Amino acid sequence: MFEYDVALSFAGEQRSDVLAVAECLKKVGVSVFYDEDEKVKLWGKNLYDHLSEVYQNKARYCVIFASK
C-alpha cells in the first residue's frame with residue numbers, strides 16, 4: 001500500500017502553482033506529498049535519498065512539473 005496517492009515534483013520557482021494544485025487535490029481527498037507539508041519529516045534526512053524513496057516507492061503516482 002502507498003503512503004501517498006500523488007507526489008508532486010517541481011522546481012522552486014513553480015512553488016505557488018504547485019501549491020494550488022496540492023490544495024485542490026487535498027480538498028477532494030487525495031493524499032499528497034508536497035514538501036512544505038513534510039518539513040518536520042525532512043529535517044536531518046539526506047534529501048536525495050528520501051525524495052527518491054517517496055517518488056519511486058511511497059507514492060502511487062508522481063506528477064512532474066517541468067520547467068525551463
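Below is a short write-up of the structure. Everything numeric here is computed off the predicted structure, so don't read it as measured data. (Residues numbered from 1 in each chain as written. Predicted model: local features only at pLDDT ≥ 70, side-chain atom pairs only at ≥ 80, totals over all residues. Heavy atoms only, no water.)

1. Topic: the overall build of the chain
- If you tally the helices and strands in the chain, you get three helices and three strands.
- Scanning the chain from its N terminus toward the C terminus, one meets helices and strands in the order β-α-β-α-α-β.
- Compactness check: the chain gives a C-alpha radius of gyration of 12 Å against a globular reference of 11 Å for 68 residues, within 12% of the reference.
- Considering only C-alpha atoms, the chain reaches an extent of 30 × 25 × 20 Å along its principal axes.
- Expressed as a percentage of its 68 residues, the buried residues of the chain come to 25%.
- Of the roughly 4900 Å² of accessible surface on the chain, a fraction of 56% belongs to carbon and sulfur atoms.
- Of the side-chain charges in the chain, 9 are positive and 11 negative, and the distance between the mean point of each set is 2 Å. (Helix = DSSP H or I, 4+ residues; strand = E, 2+ residues; numbered from the N terminus. Rg over C-alpha atoms; globule rule 2.2 N^0.38 Å. Buried < 20%, exposed > 50% of the residue type's maximum accessible area, 1.4 Å probe, protein only. Areas by Shrake-Rupley, 256 points an atom, 1.4 Å probe, with all protein chains shown as cover. Lys, Arg positive; Asp, Glu negative; His and termini not counted. Charge placed at Lys NZ, Arg CZ, Asp CG, Glu CD.)

2. Considerations on the nonpolar core
- Counting residues in each nonpolar core, the largest one holds seven residues, listed as V6, L8, F10, V18, A22, V32 and Y34.
- Elements supplying a minimum of two residues to this core: β1 (4–9) and α1 (15–27).
- Beyond its immediate stretch of four places on either side in the chain, V18 contacts L8, F10, Y34 and F65.
- If you look at the next biggest cluster of nonpolar residues, it comprises five residues, including Y4, A7, F33 and V54. (Core = buried A, V, L, I, M, F, W, Y, C linked by side-chain atoms within 4.5 Å. Contact = heavy atoms within 4.5 Å.)

3. Considerations on the sheet that holds β1
- The three strands lie next to each other as β2-β1-β3, forming an open sheet whose pairing is parallel. Two strands lie at the open edges of the sheet, namely β2 (32–33) and β3 (59–64), each paired on one side alone.
- Bridge count for β1 against β3 is five bridges, and the pairing is parallel. In the sheet register, S9 faces β3, and the bridge partner there is I64.
- Sheet contacts for α1: β1 and β2; angle to β1, the most-contacted strand, approximately 170 degrees. (Pairing = 2+ DSSP bridges. Axes fitted to C-alpha atoms, helices over the stretch in contact; angles between N-to-C directions.)

4. What to know about the pattern of salt bridges
- With the rule as written, the count across this model stands at eight salt bridges.
- The salt bridge involving K39 is made with E36; its shortest N-O contact spans 3.2 Å.
- The class for E36 is partly exposed, based on a relative accessible area of 34%.
- Through salt bridges with shared partners, a single network forms among E3, E38, K41 and K58. (Salt bridge = Lys/Arg side-chain N within 4 Å of Asp/Glu carboxyl O.)

Coordinates in, geometry out; function isn't part of it.
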